[in-house]
Amino acid sequence: MRSVLSATLMIAALGFAASDAWAQMTPPATAGAKAKPVTTIPIRPALQKPEDTATAMGQAERLALQSDLAWVGQYNGAITGDVSERMVNAIKEFQKSRGGKQTGVLNPQERGILADTAKKKQESVGWKIQTDPGTGVRLGIPTKLVPQQASDANGTKWTSPSGTIQIQLARRKEAGPVAAKLAEREKKEPGRNIDYTVVKPDFFVLSGLQGLKKFYLRGTFKGDEVRILTILYDQATENTVEPVVIAMSSAFNAFPAAAQIAGPPPRKTVEYGTGVIVGDDGAIIADRQITDGCLTVAIAGFGNADRVAEDKEHDLALLRIYGARGLKALNLANAATKTALDLTGIADPQNQGGGAAVTSVKASVALLGGGSDIALAPAPTLGFSGAPAQDGDGRFAGIALLKPVQVAGPTNGVPAAQAVLVTADTVRDFLKANGVNVASGSGDAKASVVRVICVRK
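Right, let's walk through the structure included here. (Residues numbered from 1 in each chain as written. Predicted model: local features only at pLDDT ≥ 70, side-chain atom pairs only at ≥ 80, totals over all residues. Heavy atoms only, no water.)

## With respect to the pairing of strand E15 (residues 340-346)
For step 1, the next point in the chain: For E15, a buried count of five out of seven residues is recorded, marking the element as mostly surrounded by other parts of the structure.
For step 2, the next point in the chain: As judged from the seven bridges shared by E15 and strand E16 (residues 358-364), these two strands associate in the antiparallel manner. Note that in E16 the partner of Leu343 across the bridge is Val361.
For step 3, the next point in the chain: Pairing geometry for E15 and strand E18 (residues 387-390), over two bridges, is antiparallel. Residue pairing across strands places Leu343 opposite Ala389, the latter belonging to E18. (Buried < 20%, exposed > 50% of the residue type's maximum accessible area, 1.4 Å probe, protein only. Helix = DSSP H or I, 4+ residues; strand = E, 2+ residues; numbered from the N terminus. Pairing = 2+ DSSP bridges.)

Laid out in structure tokens, this is it:
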């Protein structure tokens, strides 16, 4: 027992001795002394690459972006919606041409400028996606550049009045066609000098000179049917035609599905949009296409409405409800002065859990005013077509409309949508022509919007 106690005391003594030694080695704390600063290096998250930003977009949005870049002459690749270094470089070149920072990612204002510029390019050449009646081929045609058209059993030809631009759609029967053999045959056509060739199992592309003209050719086949698109143009027209060539190549669908030949799909049986009260007597302005072909047009909370006027060029419709009280018309007289805008609308019930909440989203345009519709970016959600746009001061900028966009891309792809702003001047002129006074009203857009419901067969 004594030995155990001795051992315990020895251990305790050693512990006290160690504590005393440590106390002697550690300098006493000085009152008021500051702790030494510790240098830390912040760990910053890796910056997102432009390719990652593009990948996060929807397929339809990428198709529209590539199409717009092609139309402004910055992108010369296939319009597939696939993310590539070529696409990012095209974005940077566009930013450089505008004197902006070359980030490879477009901010909303840059995207709006790009869309607006591309839209004007398309309008200048009369770009239209159409179906050739003889073959069923879906293709894009610059109708203003080649207004003359002739067809026979072998295809269709479009030409400019002076013959400087020619587009030929040809068809022929051939047993067991092979892309490589078809390409070799086309290369041997008289006067052709080839400087670019692509041959894939199901299609081929050639370009170069044919005599003094530049040419581009794309051919494909299905079964024993061969279909070839050829574009010839004078070198003097190169700056105008080459963006069109890229668009035509990507839009060319030699063997579309039956549904595509028949035209666009029918609109929904029940479709929702936003309307703006513009008169306390029941006048409401809305999207013409939303209210087209309806058995009934209803304004949620007020009942049925009559469509009393329309503007087909700008897709505006004037509706009227009767006997309603407490309507608050929106003030359309004060013109917006800023390009950053707030859109106030009522999203489709499917996008808000069956609800009918009035919400606002941000968008922007490249410019304001004028009589032409302006590209609006980013596009709002479904249900917002017909929504009023105001600047930060509550001044009226126009009406936002959602429209399908004819991208210069594969017609089998996901249909894209774009937003346009029908300008305040256009809206006021339309209402004035139909006896609606816009001189007075409230600046509170949320109190002036209503849900428009179209019921079709």
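Still to come is the rest of the account.
## So, the sheet that holds strand E12 (residues 296-299)
For step 1, the next point in the chain: The strand order E10-E11-E14-E13-E12-E21 describes a closed barrel built from six strands, whose pairing is antiparallel. Shown here is a sheet whose adjacent strand axes are inclined to one another by a mean of 40°, direction ignored.
For step 2, the next point in the chain: Helix H9 (residues 424-433) contacts strand E11 (283-287), strand E13 (303-311) and strand E14 (316-320) of the sheet and is inclined by roughly 45° relative to E14. (Axes fitted to C-alpha atoms, helices over the stretch in contact; angles between N-to-C directions. Contact = heavy atoms within 4.5 Å.)

## A few points about the packing of helix H3 (residues 59-71) against helix H4 (residues 85-97)
For step 1, the next point in the chain: Where H3 meets H4, the axes come as close as 10 Å, and the angle between the chain directions of the two elements is 55°. Regarding the angle of H3 to H4, the classification is oblique. For H3 against H4, the interelement crossing comes out left-handed. Contact residues: Leu65, Gln66 and Leu69 in H3; Met87, Ala90, Ile91 and Phe94 in H4. (Parallel < 35°, antiparallel > 145°, perpendicular 65-115°, else oblique. Left-handed = near helix turned anticlockwise from the far one by under 90°.)

## A few points about the nonpolar core
Nonpolar side chains in soluble globular proteins generally cluster together in the buried interior.
For step 1, the next point in the chain: Leu69, Trp127, Ile167, Ile231 and Met248 are the most contacted members of the largest nonpolar core, which has 43 residues in total.
For step 2, the next point in the chain: For this core, the elements supplying multiple residues, two or more each, are H3, H4, helix H5 (108-125), strand E1 (127-131), strand E2 (138-142), strand E5 (165-173), strand E9 (225-234) and helix H7 (238-251).
For step 3, the next point in the chain: Take this core: its biggest share by element is seven residues, from H7.
For step 4, the next point in the chain: Within the second largest apolar cluster, 21 residues are counted, among which are Val278, Ile285, Phe396 and Val436. (Core = buried A, V, L, I, M, F, W, Y, C linked by side-chain atoms within 4.5 Å.)

## Here we look at helix H6 (residues 179-187)
For step 1, the next point in the chain: For H6, the set of buried residues is Ala179, Leu182, Ala183 and Glu186. Considered in projection along H6, the buried side chains sweep an arc of 100° and stay on one side of the axis. (Arc of directions from axis to C-beta.)

## Structural notes on the state of the cysteines
For step 1, the next point in the chain: With the rule as written, the count across this model stands at one disulfide.
For step 2, the next point in the chain: Each sulfur in the disulfide pair Cys294 and Cys454 lies 2.0 Å from the other. Around the S-S axis, the bridge from Cys294 to Cys454 shows a dihedral of about -110° and counts as left-handed. Of the two residues, Cys294 is situated in the loop between E11 and E12 and Cys454 in strand E21 (residues 449-455); the sequence distance between them amounts to 160 residues. (Disulfide = S-S within 2.5 Å.)

## Side note on the pattern of salt bridges
For step 1, the next point in the chain: Counted according to the given criterion, the structure contains 25 salt bridges.
For step 2, the next point in the chain: Two residues, Arg111 and Asp68, come together in a salt bridge whose shortest N-O distance is 2.9 Å. Placement of Arg111 in helix H5 and of Asp68 in helix H3 is noted, with a sequence separation of 43 residues between them.
For step 3, the next point in the chain: Given the relative accessible area of 8%, Asp68 is considered buried.
For step 4, the next point in the chain: Taking the shortest distance from any N to any O, the salt bridge between Lys214 and Glu238 comes out at 3.4 Å. With Lys214 in strand E8 (residues 213-222) and Glu238 in helix H7, this residue pair connects regions lying 24 residues apart in the sequence.
For step 5, the next point in the chain: Of the residues examined, Glu238 reaches a relative accessible area of 28% and is grouped as partly exposed.
For step 6, the next point in the chain: It is possible to trace a salt-bridge network through shared partners that takes in Arg288, Asp292, Arg307, Glu310, Lys312 and Asp315. (Salt bridge = Lys/Arg side-chain N within 4 Å of Asp/Glu carboxyl O.)

## So, the pairing of strand E7 (residues 203-210)
For step 1, the next point in the chain: By the bridge criterion, seven bridges tie strand E6 (residues 192-199) to E7 in an arrangement that is antiparallel. Looking at the pairing, Ile194 lines up with Gly208 of E7.
For step 2, the next point in the chain: Of the strand pairs in this sheet, E7 and E8 are connected by eight bridges, and their pairing is antiparallel. Looking across to E8, one finds that Phe204 is bridged to Gly219.
For step 3, the next point in the chain: Following E7, the chain reverses through two residues before pairing antiparallel with E8; Gly211 in that reversal takes a positive phi of roughly 65°.

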